[in-house]
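What follows is each chain in one-letter form.
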Amino acid sequence: MFGNLGDDAIETVLRHQIIGHIGCHANDITYVVPVSYAYENGYVYVHTEEGMKINMMRQNPKVCFETYLMENMGNWQCVIAWGYFEEITQEEERRKALQILLNRNLPIITSKTVQLTEEWPFVPENVNEIKGIVFRIKLTMKTGRYERTEEVRY
C-alpha cells in the first residue's frame, strides 16, 4: 500500500532521522549532497565546512531537503521539503544551533560527519569554539509518502 504521510508523521520522520540530502542549484548546476542534521521547530540545522554546497546555497538560498526512514524495500517513509538556506554567524544564534546539533540522539557508532569536535563525544565548555559553518534551512513546504506491506497508518 502506498500513501501520503500526514503532518504529524512528516514531523516525526524529520525529528527522528539524522541523515538527509540537500538539493541546491546555482550556475546551471544542480547538486544533491548528504548531510547529518538536527530538526527543530521547522528548521533543519547543519554543521559543515566550506565547499560546493555552501557556495551554491549562498548564491541561491532556495533548496530542497529530503530524508527517509527505510525499514526495508516494502516499508518506508520519505519526506521531501523545500525551504531557504540561512547561514548562522551571530554568536548567540550559532551557539543555540550547535546545542541543537549536540543534543541529537546519535547511534553509538558514528562517523566524522556527525562528530562536531575532535574530542567527541565530549563538548568544549564554549560551543562557539567549534570550528566550521553552521546553517539552517527554514522549511516552508513539506510533503511525505510511504509504502507499507501491511495495514498500518502513519
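Computed from a predicted model, the values in this text were never measured in an experiment.

A. Structural detail: the overall build of the protein. From N to C terminus, the protein includes three helices and eight strands. Helices and strands in the protein line up, N terminus first, as β-α-β-β-β-β-α-β-β-α-β. Contacts in the protein between residues at least 24 apart in sequence constitute 70% of all its contacts with a sequence separation of at least 6.

B. Up close: the nonpolar core. By size, the foremost hydrophobic cluster in this structure holds 27 residues, and its most contacted members are Ile-22, Val-44, Met-57, Phe-65, Phe-135 and Leu-139. Secondary structure elements with two or more residues in this core: helix H1 (7-16), strand S2 (19-26), strand S3 (29-36), strand S5 (43-48), helix H2 (52-59), strand S6 (62-72), strand S7 (75-88) and strand S8 (133-147). In terms of residue count, the dominant contributor to this core is S8 (five residues). For Phe-65, the residues in contact, after removing those within four places along its chain, are Leu-14, Gly-20, His-21, Ile-22, Val-35, Tyr-37, Val-44, Val-79, Ile-80, Ala-81 and Leu-139. In this structure, Ala-38, Tyr-43, Ile-130 and Val-134 belong to the second largest nonpolar core, which totals ten residues.

C. The arrangement of the packing of aromatic side chains in detail. Enumeration over the complete set of coordinates arrives at four aromatic pairs. With a centroid separation of 4.9 Å and an interplanar angle of 80 degrees, the aromatic rings of Tyr-37 and Phe-65 are classed as edge-to-face. Taken together, the positions of Tyr-37 in the loop between S3 and strand S4 (38-40) and Phe-65 in strand S6 put the pair 28 residues apart, joining distant regions of the chain. Judged on exposure class, the residue Tyr-37 and its partner Phe-65 are both buried. Ring plane angle 45 degrees and centroid distance 6.0 Å describe the contact between Tyr-43 and Tyr-45, whose orientation is recorded as tilted. Each member of the pair, Tyr-43 as well as Tyr-45, is classed as buried. Arg-136 extends its terminal NZ or CZ atom over the ring of Tyr-43, reaching a point 4.1 Å from the ring centre.

D. Main features of a nonpolar patch on the surface. Together, Tyr-68, Met-70 and Met-73 give the surface a local cluster of nonpolar side chains, amounting to about 340 Å² of exposed area. The residue Tyr-68 is located in strand S6 in this model.

E. Just the environment of His-25, in detail. Note that His-25 resides in strand S2. When the C-alpha atoms of His-25 and Met-57 are compared, they prove to be 7.5 Å apart, with 32 residues separating the residues in sequence. Not counting residues up to four positions away in its chain, the partners in contact with His-25 are Thr-30, Met-56 and Asn-60. Within the structure, His-25 has its side chain in polar contact with the backbone oxygen of Ile-29 (distance 3.2 Å). Within the structure, His-25 has its side chain in polar contact with the side chain of Thr-30 (distance 2.6 Å).

Thresholds applied
Residues numbered from 1 in each chain as written. Predicted model: local features only at pLDDT ≥ 70, side-chain atom pairs only at ≥ 80, totals over all residues. Heavy atoms only, no water. Helix = DSSP H or I, 4+ residues; strand = E, 2+ residues; numbered from the N terminus. Contact = heavy atoms within 4.5 Å. Core = buried A, V, L, I, M, F, W, Y, C linked by side-chain atoms within 4.5 Å. Buried < 20%, exposed > 50% of the residue type's maximum accessible area, 1.4 Å probe, protein only. Phe/Tyr/Trp six-rings, centres within 6.5 Å; stacked < 30°, edge-to-face > 60°. Lys NZ or Arg CZ within 6 Å of the ring centre and 35° of its normal. Patch = residues over 30% accessible without salt bridge, like charges linked within 9 Å, V, L, I, M, F, W, Y side chains within 5 Å. Areas by Shrake-Rupley, 256 points an atom, 1.4 Å probe, with all protein chains shown as cover. Salt bridge = Lys/Arg side-chain N within 4 Å of Asp/Glu carboxyl O. Polar contact = N/O pair within 3.5 Å; in protein donor to acceptor, adjacent residues only side chain to side chain.

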